[in-house]
Amino acid sequence: MLKGESELLSKRNITENVLELTYSVPNDLTFIPGQFMNISVTAPYRRPYSILDMKDGEVSFMIGVGEPGKGSDYFKEVEIGSKTTLMGPLGRFKLNDSSNKKIFIATGVGIVPFIPMIKELLNPADGVKIETELFFGARFLNDTKVVTDYLGDLITTDNNLIVMNAITKPEHDELDFFHGRVNVLIDSRKDNIDFRNTDFYVCGSNEMIKGVRTQLKELGADQIFMENYG
Ligand SMILES: Cc1cc2nc3c(=O)[nH]c(=O)nc-3n(C[C@H](O)[C@H](O)[C@H](O)COP(=O)(O)OP(=O)(O)OC[C@H]3O[C@@H](n4cnc5c(N)ncnc54)[C@H](O)[C@@H]3O)c2cc1C
């Protein structure tokens, strides 16, 4: 576990409102997919951010900057080479050790913990790939880049991975995408899901988590693991 100064090594826009930032960490620091780190933003404030990836002395994050706030304003302005304190990895949100099918449900930057989790599932030590589905909800079609940039190459039938997107503000016909909230994806797949024997992982805003949890419970889900971004 690190509590120390890190340097911002790179910063890029994934979309207009989402940044990818990479910081330096000690070479031997590792994480469990799903964990987060606390980043000091404008003193004395710090904010938790899920770890997108960590290897070879670098950790990366995906941070939404669409709404004003202490963290958001800081990350919009921060320049490569600047230093701040990182603490972690922290948190117990991680993959449950079961052979159940896994369904991940995320909106916006709630996708972050699921990217390393899904990569881990697709690279199992015993070679047996567990059936995995990802239901992603976004405002605009372009926001689905946060999925395709990181998982696009992995969405193959060989990988047993199904990814579905729902868009609340379609600008054109966008025929390949569902229109509406992420809940429409659960509804559309409900006849193909054995709710009692599936592990559900949910990440997003408070309101999204509550709505999805209620829907899953009504459909008979039992194993629901949640990370609430507030
Ligand atoms: C375990 C965990 C992991 C997380 N991982 C991620 C992640 O990977 N990526 C990510 O982007 N987020 C993540 N979050 C959320 C993140 O920690 C912050 O809550 C988020 O970035 C908002 O922080 P902020 O400091 O920008 O906003 P805050 O300053 O905390 O403000 C909260 C909200 O108040 C409103 N607000 C604040 N100031 C103003 C203003 N001046 N005018 C109008 N409205 C205002 C905005 O709606 C704002 O979003 C995670 C949260 C948790 C708990």
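Our subject is the structure listed above.
Anyway, here's the lowdown on the structure attached to this text. Worth saying up front: this structure is predicted, and the values here are computed from it rather than measured.

### Observations concerning the overall build of the protein chain
Phase 1 of the analysis: The secondary structure content of the protein chain amounts to five helices and 13 strands.
Phase 2 of the analysis: Over its C-alpha trace the protein chain gives a radius of gyration of 18 Å, about what one expects of a compact globule, namely 17 Å for 230 residues.
Phase 3 of the analysis: Counting the 230 residues in the protein chain, one finds 46% classified as buried.
Phase 4 of the analysis: Within the protein chain, counting contacts between residues at least 6 apart in sequence, those at least 24 apart form 69% of the total.

### Comments concerning the site of the ligand
Phase 1 of the analysis: Around the ligand, 19 residues are found, and the nearest of them are Arg47, Pro48, Gly64, Gly71 and Ser72.
Phase 2 of the analysis: Note that an oxygen atom of the ligand is positioned 2.6 Å from one of the side-chain N or O atoms of Arg47.
Phase 3 of the analysis: For the ligand, a nitrogen atom lies 3.2 Å from a polar atom in the side chain of Tyr229.
Phase 4 of the analysis: Protein chains shield 62% of the accessible area of the ligand, which is 960 Å² for the free molecule.
Phase 5 of the analysis: Those elements that provide at least two residues to the shell around the ligand are β4 (46-50), β6 (58-64), α1 (70-77) and β13 (223-228).
Phase 6 of the analysis: For the shell around the ligand, the element with the most residues is β4, which contributes four residues.
Phase 7 of the analysis: Broken down by class, the residue content of the shell around the ligand amounts to nine nonpolar, six polar and four charged.
Phase 8 of the analysis: Three or more residues apiece are contributed to the shell around the ligand by two domains, here domain 1 (2-90) and domain 2 (101-228).

### Quick look at the side chain of Ser6
Phase 1 of the analysis: With respect to the helices and strands, Ser6 occurs in strand β1 (residues 2-15).
Phase 2 of the analysis: Accessibility expressed as a relative area gives 1% for Ser6, which makes it buried.
Phase 3 of the analysis: Here Ser24 takes part through its backbone oxygen, which lies 2.8 Å from a polar atom of the side chain of Ser6.
Phase 4 of the analysis: Those residues within four positions of Ser6 in sequence are excluded, and the remaining contacts are Tyr23, Ser24, Val25, Ser82, Lys83, Thr84 and Leu86.

### Side note on the environment of Met164
Phase 1 of the analysis: Mapped onto the fold, Met164 is located in strand β10 (residues 161-167).
Phase 2 of the analysis: Classification of Met164 by relative accessible area gives buried; the value is 13%.
Phase 3 of the analysis: Expressed as a C-alpha distance, the spacing of Met164 and Gly137, which sit 27 residues apart in the sequence, is 8.6 Å.
Phase 4 of the analysis: In this view, Met164 contacts Leu134, Phe135, Phe136, Phe178, Leu185, Ser188 and Arg189; residues no more than four positions away in its chain are not counted.

### As for the nonpolar core
Phase 1 of the analysis: Within the largest apolar cluster, 28 residues are counted, with the highest numbers of intra-cluster contacts made by Met62, Phe104, Ile111 and Phe114.
Phase 2 of the analysis: Those elements that place two or more of their residues in this core are β8 (101-107), α2 (114-121), β9 (132-138), α3 (145-151), β10 and β12 (198-204).
Phase 3 of the analysis: Considering each element in turn, this core owes the most residues, five residues, to α2.
Phase 4 of the analysis: Here this core gathers at least three residues from each of two domains, domain 1 (2-90) and domain 2 (101-228).
Phase 5 of the analysis: Apart from residues no more than four positions distant in its own chain, Met62 is found in contact with Ile14, Val18, Leu19, Leu52, Val109, Ile111, Val112, Ile115, Val146 and Tyr150.
Phase 6 of the analysis: Listed in part, the 22 residues of the second largest apolar core include Leu29, Phe31, Tyr74 and Phe75.

### A closer look at the pattern of salt bridges
Phase 1 of the analysis: Throughout the structure, instances matching the rule amount to ten salt bridges.
Phase 2 of the analysis: Between Glu133 and Arg189 there is a salt bridge, with its nearest N and O atoms 2.7 Å apart. Placement of the pair is Glu133 in strand β9 and Arg189 in helix α4 (residues 183-189), with a sequence separation of 56 residues.
Phase 3 of the analysis: For Glu133, a relative accessible area of 1% puts it in the buried group.
Phase 4 of the analysis: Since its relative accessible area comes to 15%, Arg189 is described here as buried.
Phase 5 of the analysis: Across the pair Asp149 and Lys145 runs a salt bridge, and its minimum N-O distance is 3.4 Å. On the criterion of helical spacing, the pair formed by Asp149 and Lys145 is a turn pair, its members being four residues apart in helix α3.
Phase 6 of the analysis: For Asp149, a relative accessible area of 35% corresponds to the partly exposed category.

### Focus: the sheet that holds strand β7 (residues 83-90)
Phase 1 of the analysis: Ordered in space as β4-β3-β7-β1-β2-β6-β5, the seven strands form an open sheet in which the pairing is antiparallel. Looking at strand neighbours, the two that pair on one side only are β4 and β5 (53-55), the edges of this open sheet. In this sheet, adjacent strand axes meet at a mean angle of 35° when their direction is disregarded.
Phase 2 of the analysis: In this sheet, β4 lies alongside strand β3 (residues 36-40) in antiparallel orientation, the contact comprising five bridges.

Definitions and cut-offs
- Residues numbered from 1 in each chain as written.
- Predicted model: local features only at pLDDT ≥ 70, side-chain atom pairs only at ≥ 80, totals over all residues.
- Heavy atoms only, no water.
- Helix = DSSP H or I, 4+ residues; strand = E, 2+ residues; numbered from the N terminus.
- Rg over C-alpha atoms; globule rule 2.2 N^0.38 Å.
- Buried < 20%, exposed > 50% of the residue type's maximum accessible area, 1.4 Å probe, protein only.
- Contact = heavy atoms within 4.5 Å.
- Near = heavy atom within 4 Å.
- Polar contact = N/O pair within 3.5 Å; in protein donor to acceptor, adjacent residues only side chain to side chain.
- Areas by Shrake-Rupley, 256 points an atom, 1.4 Å probe, with all protein chains shown as cover.
- Nonpolar A, V, L, I, M, F, W, Y, C, P; charged D, E, K, R; others polar.
- Domains from an automatic or database assignment.
- Core = buried A, V, L, I, M, F, W, Y, C linked by side-chain atoms within 4.5 Å.
- Salt bridge = Lys/Arg side-chain N within 4 Å of Asp/Glu carboxyl O.
- Pairing = 2+ DSSP bridges.
- Axes fitted to C-alpha atoms, helices over the stretch in contact; angles between N-to-C directions.

Take it as geometry only, folks, not as evidence of what the structure does.
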